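Structure assessment
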Amino acid sequence: MFLASCIRRSQSHLHSSQKKCLMFLYFLHNLLFVSDMTTSMVTLFSALCQFDPIRLKYYTKPNPKLFPDSSCFLHGEVGDEGAGRHGKAEDALAGGGVPVEQDAAHRREGVAGDDGGVDRQLLDVRPRLLRGPNKTAIRGDDITVKSYKVESRITSRFAHTAVRSSVVNSGSKAQTIGFNVQIPKRAFITNFTMNVNGITFTGSVKEKTVARNLYAQARAKGKAAGIVRANSQEMETFKTEVHVPPGSNIEFELHYQEMMQRRLGFYEHSLHLQPGRLVPQFQVDVYIFEPKGISMLETSNNLGEKFSNQVTVTQSPEKAHVVFKPNLQQQRKCDNCTDSAIDGTLTVKYDVKRDSNAGELQVSDGHFVHFFAPSNMSPLPKNIVFVIDVSGSMWGVKMKQTVEAMQAILDDLTFEDQFSIIDFNHNVRCWSEDLVPGSSIQIADAKKYIQNIKPVGGTNINEALMKAVQILLRASNQGLIDPRSVSMIILVSDGDPTVGEIKLSTIQKNVKKVMREDFSLFSLGIGFDVDYDFLERIAMDNRGIAQRIFANHDAAEQLRTFYSQVSNPLLRRITVQFPEDSVSDVTQNQFDKYFGGSELVVAGKVKPSDSDTLTGFTTASGALLDITLETEVDTSKLDTELAKQQHSFTGFARQLWAYITIKQMMSERSLAPTAAKKKKITQRILALALEHQFVTPLTALLVESEDSKERLLADSPKDPKQGCCSGVGRKPLPPFLKVVYQPPPWVQMTTPAPPSQVEKGPEEWTLPQQVNLVDNDPHFIVHLPRSNMDVCFNIDSRPGHILNLVTDRGTGVTVNGQLIGNKKVQQGNQNTYFGVINVYYHPDGISVAVSTDRIAFTDGKSNHTFTWSATADIRQDGVRISIVKDSQVSITINHRIQVMVLLHRVWKKHPVNVDFLGLYLPNENQYSPLVHGLIGQFSQEPDVIISDIHDGADPLKKEATMEVKGNKLQVTRGWQKDYRQDKRRGTDINCWFVHNSGKGFIDGHYGAYIVPDLDSFLELE
């Protein structure tokens, strides 16, 4: 297969005789079934064709093992197992004189979701597994690894993993120290920090273009900055390097998150452990919390027998703690060895208890997750057409492993199943033109046919798939397929099409056009050189999935495992639904099939409601019946339980929903039919990834320090999409991100200079524990720090009135709230709430009006309006406005006064309630002595004495006498709500309640605090 690209690229560069010679040698090459070319063969063929061997070597795809110095690769770099080629050797005949770069672009033209070649500046996140010494987690000579700790918190199938390591350069010279972490392919990096001698590099997720611009700006200002971006195909290894002087202390910390996928009846969490040396503090902790309970848990590792008893498990019905903590002596390869024996993978497998087949519905943090994994059901009959690539590139271990796997797969078929086999190279052959039952006679004949396959020739994927669909269609049209059965095509291939239709987008459209809605296509890509993106797109486009099979001695087992996942269909046409107006932003809730041992997951947001329960309904078709399942959950129970758990991941539901949503939108993006549609999906992905801090193929993690004494060099590796020689003519960059520290070394500094304050983007603003607040209808809670008490009162005013809450002419700030009423007057009363909160800063003429549907910002010259549906951060002069989507607005004035407005949403169709706002002001606000207002006046705390505490009319509420401002007031002990932590239910705040709209506690009558306009200051006498 070696001469294919040579022939194609040579069309416009070689003489006619040379072309003919190479064509002849190509046929000879295939006849001899030679899959790779040796150096002597290159020399021989070059001599026969009177062709410069160096030039021939350039026009061909070298074997990296033989030509490690080659500058031309069709995908990736030397040693990059994640790299793949655009075409197989057989492309020579199909190329038609088109150079490789042009042919790749032609075949990919119009394929939705293909980003093409892009310049990549990475903190080296590459789709490859490191080999040899480079696979170790910590790399460097004469270094001391003080600690290496891994902690995973798995809550309801969602895992948050942190990898931390502390290293010292104990050598006498400056050196480069590396940090590598192998992470699951489906995980999202959420943060990376690095501390070097007290100077911290922190990360923040940004849109990749923004990150690049900030990176360039930081470089221009002498800052250190780096970009971490996910590769467009798969993430395998996170890598970074830092160059430090002797004596330096370095701390690395990486965080990533992923949803656990259930396969073959269990969830699997794997941690790759390769410290590379002995570590005094080496520890791995895996905390699991499953609300329904853990039904089984087991651990395994390939670290060797000496570690078989070093893993301990502590388990209760709902929780488990897995610990791997070998001491120094246990880490040694032998008693006197200085090398570490820890080099492998620690795996935790578990499953959860399930009360019924209705599924498990969980609600937390305003989000729901519905897990659906029924069992004990009769499997559906299967109709399978196996489509097997037998081109020349499959020669050797790939074909041997495929045949071995097919032998076992055929044995799994039952008489109720129907099947056929198609093998293809440049031609397409059928073992049977029709589906046949899985009888022992047919299976034996099929095994014999498979055993005699000899790989040779090109690759005609299009015709092979068309033939497979025809077999299923014919059987269906003849009434030979049970309407409740599952029909699928399983494609096994190791490369791109080279014969017949070779344009990938056309093949994708052809298959989509003929596939019926009840047919599915599953793609298995063998090896690293397969175009996995194409196989994944064509599978997703036809209700299937794709999986990469690594071409090694274990390939047969990988093929069998994949087949096991799809060989037991239990249900079809599954739909998960919820009552109208109870949820929003729901992920995919309709599924073509459910396979036994797997799990379907639907997530979304829970809308505010008076009900304490959420109900889910699932409908599906089984082998013999149609089913409707119902499940419900208490919407507050799980949050209460999570608050008690020390090691749970409390934000799991919110992050899990975002994780699933982004993954599904990435799939939609790859299949987008138009550029406009793709752009729209891209914008949605970016917004969600930024909000939830996920490093995706569209975002980057900007790692930055404010210290100006160091500089950074970032890698720009070849993009597999660019094909061969994309970097020709460019000056190559160093292979990894490196931070180089110039003298004087930090170890000579007595006190490292602290980094300057970094302005953060929109974020959840956490107020201090003690605040003054106005919330609900409206309830005022004033905290008196000196008296260590809270005093409550209500204001019984009318809708439309504007109440002054803070007036401070000294700082030029006023805060007013306008009241709105609920929808109905009940028993002659109408509850009022704040519908608008306005903050006005007079010196700059800036006004921020927060309502339940928008945030309006004006500076007297221009007006800006922002909705609650997007996160935003606005700064002008000394005013900063941070909007957190559908949650809150934080307004900061000159870093001295902070105001938080909390949004309360209710069910839109509720007959009485309306959306409203809550106001929260910290006691630490730095007002002037002139401050006043319903809340502002208590900035100067009055003296309060409580006496004569006694039982009241309500035995649950004490009564007392309050002496304040020269008045004696009768007060009642009660409680009001603080909604910062729990917007739905609130947190109880015990307080002394002052009756009659705060009369005697506030200065004057509450009517004096009614102002004419939202920007008005209170007129003081």
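Residues numbered from 1 in each chain as written. Predicted model: local features only at pLDDT ≥ 70, side-chain atom pairs only at ≥ 80, totals over all residues. Heavy atoms only, no water.

1. Some points on the overall build of the protein chain
- What the protein chain contains, in helices and strands, is 18 helices and 53 strands.
- Counting over 1021 residues, the protein chain shows a buried share of 56%.
- The contacts in the protein chain between residues at least 6 apart in sequence include a share of 70% that link residues at least 24 apart.
- As displayed, the protein chain offers around 43200 Å² of accessible surface, 49% of which is attributable to carbon and sulfur atoms. (Helix = DSSP H or I, 4+ residues; strand = E, 2+ residues; numbered from the N terminus. Buried < 20%, exposed > 50% of the residue type's maximum accessible area, 1.4 Å probe, protein only. Contact = heavy atoms within 4.5 Å. Areas by Shrake-Rupley, 256 points an atom, 1.4 Å probe, with all protein chains shown as cover.)

2. Regarding the sheet that holds strand S18 (residues 360-364)
- Spatial strand order, S18-S19-S30-S28: 4 strands in an open sheet with antiparallel pairing. The outermost strands of the open sheet, each flanked by one partner alone, are S18 and strand S28 (583-584).
- In the sheet, S28 pairs with strand S30 (residues 600-606) via 2 bridges, with the strands oriented antiparallel. Each bridged residue has a counterpart across the sheet, and for Ser584 the counterpart in S30 is Lys605. (Pairing = 2+ DSSP bridges.)

3. Some words on the state of the cysteines
- Counting across every chain of the model gives 2 disulfides.
- Through a disulfide, Cys334 is tied to Cys337; the S-S separation comes to 1.7 Å. A torsion of 95° about the S-S bond marks the disulfide between Cys334 and Cys337 as right-handed. (Disulfide = S-S within 2.5 Å.)

4. Overview of the side chain of Arg572
- Along the chain, the position of Arg572 falls in strand S27 (residues 569-577).
- Summary of buried charges: Arg572 has no salt-bridge partner, and the nearest side chain of opposite charge, Asp518, is 4.8 Å away.
- Polar side-chain contacts of Arg572 include one of 3.2 Å to the backbone oxygen of Pro483.
- When near neighbours in sequence (up to four residues on either side) are disregarded, Arg572 contacts Leu380, Pro483, Arg484, Ser485, Asp518, Asp592, Lys593, Ala620 and Ser621. (Lys, Arg positive; Asp, Glu negative; His and termini not counted. Salt bridge = Lys/Arg side-chain N within 4 Å of Asp/Glu carboxyl O. Polar contact = N/O pair within 3.5 Å; in protein donor to acceptor, adjacent residues only side chain to side chain.)

5. Remarks on the environment of Thr674
- Within the secondary structure, Thr674 sits in the loop between helix H16 (652-670) and helix H17 (675-692).
- A distance of 3.1 Å separates the side chain of Thr674 from the backbone nitrogen of Lys677, its partner in a polar contact.

6. Overview of the pairing of strand S19 (residues 367-372)
- Most of S19 sits inside the fold, with 6 of its 6 residues counted as buried.
- Here S19 shows two buried faces, one formed by His367, Val369 and Phe371 and the other by Phe368, His370 and Phe372.
- One ladder, built from 5 bridges, connects S18 with S19; its direction is antiparallel. Bridge pairing in S19 places Leu361 opposite His370.
- Between the antiparallel neighbours S18 and S19 lie 2 residues, among them Asp365 with a positive phi of about 55°.

7. Here's the deal with the nonpolar core
- Core analysis: the largest hydrophobic core is formed by 57 residues, its most contacted members being Val815, Val850, Ile891, Met962 and Phe1001.
- Here Phe1001 is in contact with Val782, Val791, Phe793, Gln937, Phe938, Met962, Val964, Lys965, Leu969 and Val994, once residues within four sequence places are set aside.
- One finds Ala159, Phe282, Ile294 and Val695 within the second-largest nonpolar core, a separate group that totals 54 residues. (Core = buried A, V, L, I, M, F, W, Y, C linked by side-chain atoms within 4.5 Å.)

8. With respect to the packing of aromatic side chains
- Under the definition given, this model contains 21 aromatic pairs.
- Measuring from centroid to centroid gives 5.9 Å for Tyr148 and Phe282, while their planes differ by 15°, and the two rings are stacked. Taken as a pair, Tyr148 in strand S3 (residues 143-155) and Phe282 in strand S13 (residues 281-289) lie far apart in primary sequence, 134 residues in all. Of the two residues, Tyr148 and Phe282, neither departs from the other in class, the shared state being buried. (Phe/Tyr/Trp six-rings, centres within 6.5 Å; stacked < 30°, edge-to-face > 60°.)

9. Some details on the environment of Phe522
- Checked against the element boundaries, Phe522 lands in strand S25 (residues 519-526).
- On a C-alpha basis, the gap between Phe522 and Glu536 in space is 8.6 Å, while along the polypeptide they are 14 residues apart.
- Those residues in contact with Phe522 that lie beyond four places of it in its chain are Met488, Ile489, Ile490, Leu491, Gly544, Ile545, Phe562, Val566 and Phe595.

10. What about the confidence of the model for the protein chain?
- Looking at the protein chain as a whole, the pLDDT averages 78, with 77% of positions reaching at least 70.
- The low-confidence segment residues 229-235, where pLDDT is below 50, has 43 contacts with residues more than four positions distant or belonging to other chains.
- Per-residue pLDDT stays below 50 along residues 708-765; that stretch engages in 154 contacts with residues further than four places along the chain or on separate chains. (pLDDT = per-residue confidence, 0-100.)

11. Looking at the pattern of salt bridges
- In the structure shown here, the tally under the stated rule is 33 salt bridges.
- Linking Asp417 and Lys382 is a salt bridge whose minimum nitrogen-to-oxygen distance equals 3.0 Å. Taken as a pair, Asp417 in the loop between helix H9 (397-412) and strand S21 (418-424) and Lys382 in strand S20 (residues 382-389) lie far apart in primary sequence, 35 residues in all.
- For Arg980, the salt bridge goes to Asp978, with nearest N and O atoms at 2.7 Å. Comparing Arg980 with Asp978, the two get one shared label, buried.

12. Considerations on the packing of helix H12 (residues 504-514) against helix H13 (residues 532-540)
- At a minimum axis separation of 10 Å, H12 and H13 run at an interaxial angle of 20°. As judged from the angle between their axes, H12 and H13 are roughly parallel. For the pair H12 and H13, the sense of crossing is right-handed. Between H12 and H13, the residues in contact are Leu504, Ile507, Gln508 and Val511 and Phe534, Arg537 and Ile538, respectively.
- A per-class count over the contact of H12 with H13 returns 5 nonpolar, 1 polar and 1 charged. (Axes fitted to C-alpha atoms, helices over the stretch in contact; angles between N-to-C directions. Parallel < 35°, antiparallel > 145°, perpendicular 65-115°, else oblique. Left-handed = near helix turned anticlockwise from the far one by under 90°. Nonpolar A, V, L, I, M, F, W, Y, C, P; charged D, E, K, R; others polar.)

13. Observations regarding the environment of Asp496
- Inspection of the secondary structure assignment puts Asp496 in the loop between strand S24 (486-493) and H12.
- Relative accessible area serves as the criterion here: at 1%, Asp496 is assigned to the buried category.
- For the pair formed by Asp496 and Leu535, sequence separation is 39 residues and the distance between their alpha carbons is 9.2 Å.

14. Observations concerning the sheet that holds strand S14 (residues 294-301)
- Spatially, the 4 strands line up as an open sheet ordered S11-S12-S17-S14, and their pairing is antiparallel. Both edges of this open sheet fall to strand S11 (262-263) and S14, since each of them pairs with a single strand only.
- Where strand S12 (residues 266-273) meets strand S17 (residues 344-352), 7 bridges bridge the pair, whose relative direction is antiparallel. Bridge pairing in S17 links His272 to Thr345.

15. Things to note about helix H10 (residues 440-451)
- Taking 1.5 Å of rise per residue, the 12 residues of H10 would be expected to cover 16 Å, and the 16 Å separating its terminal C-alpha atoms lies within 8% of that figure.
- Of all the positions in H10, only Ile443, Ala446, Lys447, Tyr449 and Ile450 are classed as buried. Buried positions in H10, seen along its axis, are confined to an arc of 160° and lie on one side of it. Opposite the packed face of H10, turned more than 90 degrees from it, sit the exposed residues Ser440, Ile441 and Lys448. (Expected span 1.5 Å × (residues − 1). Arc of directions from axis to C-beta.)

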